[in-house]
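Here are the chains, one letter per residue:
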Amino acid sequence: QVQLMESGGGLVQPGGSLRLSCAASGRTFSTYRMGWFRQAPGKERDFVAAISWSAGGTYYADAVKGRFTISRDNAKNTLYLQMNSLKPEDTAIYYCALQRFSGSHYGRVNSYDDWGQGTQVTVSS
């Protein structure tokens, strides 16, 4: 079992930036694909970004491509999401997740096995 804990959310004005972190413990973090998802009120949980175990592969949803950057530091067991040029439609609870089977699709919610509790991001003036 792995424990994931997100941090770094908050209130930011449109056009601003935030950096989310996800600290992992309890399992060998470095061997698994990791992902970020988000869920707005009344909506389904959606894929945001994913990164391979070696950070050699990164994947983004079209809505965030060019604005968000996913990265990881395996020595620190930490996953990051740098979010720039934030828009009101980015408002959601952001979750990090771990995928045990690397053959699964990177963008499917049900292909991830362990989840954090989420951190709220609110983009508003």
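The structure this text deals with has already been given above.
This is a predicted model, so every value here is computed, not measured.

S.K.: What am I meant to see in the pairing of strand 8 (residues 78–83) here?
M.R.: For a regular strand, the rule is simple: side chains alternate between the two faces of the sheet. Burial analysis of strand 8 places five of its six residues in the buried class, the great majority of the element. For strand 3 (residues 18–25) and strand 8, the ladder comprises six bridges, and the chain directions are antiparallel. Residue pairing in the sheet places leucine 20 in a bridge with leucine 81 of strand 8. Of the strand pairs in this sheet, strand 7 (residues 68–73) and strand 8 are connected by six bridges, and their pairing is antiparallel. Within the sheet, the bridge partner assigned to phenylalanine 68 lies in strand 8 and is methionine 83. In textbook terms, the turn of a hairpin is the stretch between consecutive antiparallel strands, and for strand 7 and strand 8 this stretch comprises four residues, one of which, asparagine 77, has a positive phi near 55 degrees.

S.K.: I tried to follow the sheet that holds strand 7 on my own but got confused; where do I start?
M.R.: Sheet strands pair by backbone hydrogen bonding; their relative direction is either parallel or antiparallel. Taken in spatial order, the four strands of this open sheet run 1-3-8-7, and their pairing is antiparallel. Edge positions in the open sheet fall to strand 1 (3–7) and strand 7, since each of these has one partner strand only. Ignoring strand direction, the axes of neighbouring strands in this sheet form an average angle of 15 degrees.

S.K.: I would appreciate a short explanation of the packing of aromatic side chains in the present structure.
M.R.: The relative placement of two aromatic rings is captured by the distance of their centres and the angle of their planes. Considering all chains together, one arrives at seven aromatic pairs under this definition. Here the aromatic rings of phenylalanine 37 and phenylalanine 47 are separated by 5.7 Å at their centres, their planes lie at 70 degrees, and the arrangement is edge-to-face. Linking phenylalanine 37 in strand 4 (residues 33–39) with phenylalanine 47 in strand 5 (residues 46–51), this pair joins segments that are ten residues apart in sequence. Each member of the pair phenylalanine 37 and phenylalanine 47 is classed as buried. Aromatic pair tyrosine 95 and tryptophan 115: ring centres 6.4 Å apart, planes at 80 degrees, arrangement edge-to-face. Highlighted residues: tyrosine 95 in strand 9 (residues 92–99) and tryptophan 115 in strand 10 (residues 114–115), separated in sequence by 20 residues. Note on tyrosine 95: relative accessible area 9%, which makes it buried.

S.K.: Hey, could you run me through the nonpolar core in this one?
M.R.: Inside soluble globular proteins, nonpolar side chains tend to come together where they are buried. Counting 34 residues, the largest nonpolar core has Trp36, Leu79, Leu81, Met83 and Tyr94 as the members making the most contacts within it. Contributing elements (two or more residues each) for this core: strand 3, strand 4, strand 5, strand 7, strand 8, strand 9 and strand 11 (119–123). Ignoring any residue separated from it by four or fewer positions in sequence, one finds leucine 81 in contact with Leu18, Arg19, Leu20, Trp36, Val48, Ala49, Phe68, Thr69, Ile70 and Tyr94.

S.K.: What should I look at first to understand the pattern of salt bridges in this one?
M.R.: As a working rule, side chains carrying opposite charge can pair if their charged atoms are close by. This structure, assessed with the given rule, holds four salt bridges. Between aspartate 62 and lysine 65 there is a salt bridge; the shortest N-O distance is 3.2 Å. Just as aspartate 62 is exposed, lysine 65 falls in that class too. The partner of aspartate 90 in a salt bridge is arginine 67, and the shortest N-O contact between them spans 2.8 Å. Residue aspartate 90 is found in the loop between strand 8 and strand 9, and its partner arginine 67 is found in the loop between strand 6 (58–60) and strand 7; the two are separated by 23 residues along the sequence.

Reading the values: rules and limits
- Residues numbered from 1 in each chain as written.
- Predicted model: local features only at pLDDT ≥ 70, side-chain atom pairs only at ≥ 80, totals over all residues.
- Heavy atoms only, no water.
- Buried < 20%, exposed > 50% of the residue type's maximum accessible area, 1.4 Å probe, protein only.
- Helix = DSSP H or I, 4+ residues; strand = E, 2+ residues; numbered from the N terminus.
- Pairing = 2+ DSSP bridges.
- Axes fitted to C-alpha atoms, helices over the stretch in contact; angles between N-to-C directions.
- Phe/Tyr/Trp six-rings, centres within 6.5 Å; stacked < 30°, edge-to-face > 60°.
- Core = buried A, V, L, I, M, F, W, Y, C linked by side-chain atoms within 4.5 Å.
- Contact = heavy atoms within 4.5 Å.
- Salt bridge = Lys/Arg side-chain N within 4 Å of Asp/Glu carboxyl O.

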